[in-house]
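Summary of the model geometry
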Protein chains: 2
Amino acid sequence: MVQAAVTEGVFYALSNPTRRKVLEQLSVGPATVSELAAPFDMKLPSFVQHLSVLEQSRLVTSKKQGRVRTYEIAPERFKVAENWLTERRREWEARLDRFDHYVKQLKEKESRS
Amino acid sequence: MVQAAVTEGVFYALSNPTRRKVLEQLSVGPATVSELAAPFDMKLPSFVQHLSVLEQSRLVTSKKQGRVRTYEIAPERFKVAENWLTERRREWEARLDRFDHYVKQLKEKESRS
DNA sequence: CAGCCTGTGAAGCAAATACTTAGGTATTGA
DNA sequence: TCAATACCTAAGTATTTGCTTCACAGGCTG
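Residues numbered from 1 in each chain as written. Chains lettered and ligands numbered in written order. Predicted model: local features only at pLDDT ≥ 70, side-chain atom pairs only at ≥ 80, totals over all residues.

Across its 13 residues, helix H4 (residues 44-56) of chain B extends 18 Å between first and last C-alpha, which sits within 8% of the 18 Å expected from 1.5 Å per residue. Taken from the residues just after H4(B), B:Arg58 is the one with a positive phi, measuring 65°. (Helix = DSSP H or I, 4+ residues; strand = E, 2+ residues; numbered from the N terminus. Expected span 1.5 Å × (residues − 1).)

Moving on to the relation of the copies chain A and chain B. Overlay of chain A on chain B (RMSD 0.1 Å): rotation 180°, translation along the axis 0.0 Å. What the rotation and shift describe, once combined, is the action of a two-fold rotation axis. Ranked by how close their C-alpha atoms come to the rotation axis, the residues of chain A are headed by A:Ser15, at 2.9 Å. Here 100% of the interface residues in chain A have copies in chain B that are interface residues too; the copies meet face to matching face. (Least-squares fit on C-alpha atoms with pLDDT ≥ 70 in both. Contact = placed C-beta atoms within 7 Å.)

Once that is clear, we can look at the protein's contact with DNA strand D. Taken together, 20 residues are adjacent to DNA strand D, and A:Ser34, B:Lys43, B:Pro45, B:Ser46 and B:Gly66 come closest. Take the surface near DNA strand D: its biggest share by element is 4 residues, from H4(B). (Near = placed C-beta within 6 Å.)

With that settled, the discussion passes to the protein's contact with DNA strand C. Every one of the 19 residues lining DNA strand C counts as a neighbour, but A:Lys43, A:Pro45, A:Ser46, A:Gly66 and B:Ser34 are closest to it. Those elements giving two or more residues to the surface near DNA strand C turn out to be helix H4 (44-56) of chain A together with helix H3 (33-37), H4 and strand S3 (68-73) of chain B. Broken down by element, the surface near DNA strand C gets its largest block of residues, 4 residues, from H4(A). Classifying every residue of the surface near DNA strand C by side-chain character gives 7 nonpolar, 8 polar and 4 charged. (Nonpolar A, V, L, I, M, F, W, Y, C, P; charged D, E, K, R; others polar.)

A word on the sheet that holds strand S2 (residues 60-65) of chain A. Residue and element names in this part refer to chain A. Taken together, the 3 strands give an open sheet; going across it, the order is S1-S3-S2, and neighbouring strands pair in antiparallel fashion. This sheet does not close on itself; its edge strands, each paired only once, are strand S1 (31-32) and S2. Packed on one face of the sheet, helix H2 (residues 17-28) meets S1, S2 and strand S3 (68-73) and runs near 85° to S3. (Pairing = 2+ DSSP bridges. Axes fitted to C-alpha atoms, helices over the stretch in contact; angles between N-to-C directions.)

Where a strand is regular, its side chains alternate between the two sheet faces. Residue and element names in this part refer to chain B. Note that strand S1 (residues 31-32) and S3 share 2 bridges and pair antiparallel. The partner of threonine 32 across the bridge, within S3, is threonine 70. Bridge analysis of strand S2 (residues 60-65) against S3 gives 6 bridges, and the strand direction is antiparallel. Of the residues in S3, the one forming a bridge with lysine 63 is threonine 70.

This part covers the interface of chain A and chain B. Across the boundary between the two partners, chain A contributes 23 residues, which contact 23 residues of chain B. Of all the secondary-structure elements, those providing two or more residues to the side of chain A that touches chain B are helix H1 (2-14), H2 and helix H5 (78-112) of chain A. It is H5(A) that contributes the most residues to the side of chain A that touches chain B, 9 residues altogether. Here the residues of the side of chain A that touches chain B sort into 13 nonpolar, 3 polar and 7 charged.

Our focus in this paragraph is the packing of helix H2 (residues 17-28) of chain B against H4(B). All names here are of chain B. Direction vectors running N to C along H2 and H4 enclose 70°, while the axes themselves pass 10 Å from each other. The pairing of H2 with H4 is recorded here as roughly perpendicular in orientation. The handedness of the crossing between H2 and H4 is right-handed. Counted together, Thr18, Arg19 and Val22 of H2 and His50, Val53 and Leu54 of H4 form the full contact between these two elements. (Parallel < 35°, antiparallel > 145°, perpendicular 65-115°, else oblique. Left-handed = near helix turned anticlockwise from the far one by under 90°.)

A separate point is unusual backbone geometry. In this model, A:Arg58 sits at a positive phi of 65°, which is unusual for a non-glycine residue. For A:Arg58, the position within the fold is in the loop between H4 and S2.

Below is the structure:
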């Protein structure tokens, strides 16, 4: 059940509005800790915890040059969430198709009688 | 900021593994409270709280006939999450395309010199 | 109508989460 | 070299989350 743990980490990271806004920012381009923190009314250590959650989930990566740490989005990882959603959609659509088919059969039977 | 609040509710609902498993079950087809609860090692009132979160997020709907409450998936609502992810992807792909283009230009300049 | 289902409501508790303050460390520019 | 910058670590706190137990309401069945 390693897969479940991965999904867990990604969806947990996505569940917080601050973290989602950071991801929105990083989708536009890489940024440093203080650039990312600037829009938020929050002390830096609090904010850095969010970055740490994002990095643990591997939705982002970072590297430090000198005293500046730069974050970057990790597009691959988003597929964990996308795939989960796609799979659900696949399931219910298959089911609804079966139901449509069933209704259609019923109507045909009806008209033949 | 209504849109943000909606996104919030959906991603929060999706962040819990129990709730995600319920959604997996409901994608396959509607089910009652006790059917949904059966796989989980959890007291019913705890479990019902998860159902309540899911219903508040509007990822599911329910109706009660007699003493039995039946839950159903609400496919439309999943688009909130899907759209958020799609929008991020759109952004970083646009950016990476621009970067590719820039590199290509550089190389052309190089070969002309 | 007695008793068993199926689900609800309320209160409480422990752990996780999101935040704070205080006090660093390493880097860099004057 | 010294002070400002950029970030990090540790410890503590309030709130939220996820769970429990206990008690009960309403519907169904013999």
